[in-house]
Amino acid sequence: MLVYLQPVAVRDMIRGPMIRLVMTWKQVLLVVSVSAVACAQVSSSKEVEAAYPETHALYLEIHQNPELSSHEVQTAAKLAGRLRGLGYEVTEHVGGTGIVAILKNGAGPTVMLRTELDALPVEEKTGLAYASKVRTKDDAGHDVPVMHACGHDLHMAAIVGTATVMAHSKNSWHGTLMLIGQPAEETIGGAKGMLDDGLLTRFPKPDVAVAMHVGNLLPAGKVGIVPGVYNTNADSMRITIYGKGGHGAAPHTAIDPIVIAARTILALQTIVSREVKPGEMAVVTVGYIQGGTKNNIIPDQAELGLTVRTRNAEVRKQMLAAIARITKAEAEAGGAQRQPSIEHYESTDLVYNDPALAERLRGALESALGKDSVVVEEPIATSEDFSYYVAQGIPGFYFSLGGADPEKFAQAKAAGTMLPSNHSPLFAPDVDPALRTGIEAEVAVLRNLLK
């Protein structure tokens, strides 16, 4: 079917006089669609710009005042105060320091957007003018530096910016918006703590759960999506090897747990290389070894800290069993008179993105940011406890936000090098445009889900 038009938009685009055009319906829809996307992008950008100054100031404030997992008292209070001021109904101290902010806007679905609150025991070495100089006592009583080395400060600033835009544009959506400030993500305890404290019974159960994470695997200004499996299962283990203390000059009178620990560390690496089927995702990393106080003293015990990553349930079971078997065998081979202690103290399942939901929201993100700014990524090997919400039967969408300076990202890619990763003392997202992009992306996702 043909239609005869004299569209002003088309006339302006070709910068010619008003003429009669012959267009098919597909061409008409294309022009309308392009115009609508352009208008939506301009509108969203203006809304974000209006909220940005206060949002950026909040980012700087949180970055300079980080708090460790389960101790995010001031951080939670800052978010709660700002969300309450925007008209959200805010409940504090959910699962410890967690907050829940609700904004009801008529009939419709309930959508949850989560941010994390906690920082890491890392000394910041970015050299930024607003770098953290905070030191505190950890749960073991050790004096440690504290830094937002994983980008949670940017997530918090983004969620407040998004909350501002949503509160000021209630004509653009309907339903219930549920914002979560979750503690203790880094210790894999916050999500479970909030759920155990009645998150899904004291408050509306979400129809969809959404979260975002910044990193240097994409340049700032872009976002990444992964339909299906997003990351990995994670298991944290603490192994204590018991020996017999003695003088370093008389090792024959002692049983050296340091030597046993060293052999154990090397033997554990054979699980992936020789026991797990090639092609299966599996990682075992010994992140620390602690033992001894002086160079000429053989201690009576040594402690190892492990992280184990998998994607397959059977491989996960196989890995944990092999770690226990090898650890016990090496202790026996070393003459230990007591079996080692093997403590499995933290775990979380992999994050799974509902494929249909991911595809739907991919379109929303492309409309808001531009098609070239949305990248389909491969699954990554990190883990986190957003999976606890998905395990409650809530469809989830967890997406990536580019944080790398675009110029440095291009240079690193050309040189075949990597920029500082999350958890590095040098990790520093390119806040502008990453923060702006994060807000625009979250608003686009929420508006799509809360039509």
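Whatever comes next refers back to the structure up there.
Residues numbered from 1 in each chain as written. Predicted model: local features only at pLDDT ≥ 70, side-chain atom pairs only at ≥ 80, totals over all residues. Heavy atoms only, no water.

Student: Run through the nonpolar core, naming residues and quoting values.
Tutor: Taken as a class, soluble globular proteins show a tendency for nonpolar side chains to be buried jointly. Counting residues in hydrophobic clusters, the biggest one holds 61 residues, and the most contacted among them are Y88, L177, L179, V210, L365, F397 and L435. The contact partners of L365, leaving out residues within four places of it in the chain, are V223, I225, G370, V374, F397, A441 and V445. Formed by 24 residues, the second largest nonpolar core is a distinct cluster that contains A302, I323, I326 and A331. (Core = buried A, V, L, I, M, F, W, Y, C linked by side-chain atoms within 4.5 Å. Buried < 20%, exposed > 50% of the residue type's maximum accessible area, 1.4 Å probe, protein only. Contact = heavy atoms within 4.5 Å.)

Student: Outline the sheet that holds strand β9 (residues 208–219), listing residues and values.
Tutor: Ordered by their spatial adjacency, 8 strands build an open sheet running β3-β4-β8-β5-β9-β20-β10-β19, and the pairing between neighbours is mixed. Looking along the sheet, the strands with just one partner apiece sit at the ends: β3 (89–94) and β19 (374–376). Across the sheet, the axes of successive neighbouring strands diverge by a mean angle of 25°, strand direction being ignored. Pairing of β9 with strand β20 (residues 396–404) involves 8 bridges; the strand directions are parallel. Its bridge partner lying in β20, V214 is registered against L401. Contacts between helix α3 (residues 73–85) and the sheet are confined to β3, β4 (98–105), β5 (110–116) and β8 (175–182), with β3 contributing the most and set at about 165° to the helix. (Pairing = 2+ DSSP bridges. Helix = DSSP H or I, 4+ residues; strand = E, 2+ residues; numbered from the N terminus. Axes fitted to C-alpha atoms, helices over the stretch in contact; angles between N-to-C directions.)

Student: Lay out unusual backbone geometry in plain terms, naming residues and giving numbers.
Tutor: Although it is not a glycine, I188 sits at a positive phi angle of roughly 50°. Here I188 shows up in the loop between β8 and α5 (190–196). Although it is not a glycine, H423 adopts a positive phi angle of roughly 80°. When you line up the elements, H423 lands in the loop between α11 (406–415) and α12 (431–449). Classification of H423 as partly exposed rests on a relative accessible area of 41%.

Student: Break down the side chain of H213 for me, citing the residues and quoting the values.
Tutor: Residue position: H213 is located in strand β9. If sequence neighbours within four positions are ignored, H213 has contacts with E116, C150, H152, H155, E384, Y398, F399, S400, L401 and N422.

Student: Kindly report on the packing of aromatic side chains, identifying the contributing residues and their values.
Tutor: By the definition in use, this model includes 5 aromatic pairs. When the ring of F397 is compared with that of F399, the centres are 5.4 Å apart and the planes differ by 20°; the resulting orientation is stacked. Overall, F397 belongs to the buried group, its relative accessible area being 0%. Here the aromatic residues Y230, F386, Y389 and Y398 are joined through ring pairs into a cluster of three or more. For R238, the ring lying beneath its charged end belongs to Y345, and the centroid distance is 4.0 Å. The ring of Y242 is capped by R338, whose NZ or CZ atom sits 3.7 Å from the centre of that ring. (Phe/Tyr/Trp six-rings, centres within 6.5 Å; stacked < 30°, edge-to-face > 60°. Lys NZ or Arg CZ within 6 Å of the ring centre and 35° of its normal.)

Student: Break down the packing of α3 against helix α4 (residues 152–167) for me, with residues and values.
Tutor: Contact geometry for α3 and α4: axes closest at 10 Å, N-to-C directions at 10°. Considering their axes alone, α3 and α4 lie roughly parallel with respect to each other. Counted together, T75, L79, R82 and L83 of α3 and M156, I159, V160 and A163 of α4 form the full contact between these two elements. Here the residues of the contact of α3 with α4 are counted per class, giving 6 nonpolar, 1 polar and 1 charged. (Parallel < 35°, antiparallel > 145°, perpendicular 65-115°, else oblique. Nonpolar A, V, L, I, M, F, W, Y, C, P; charged D, E, K, R; others polar.)

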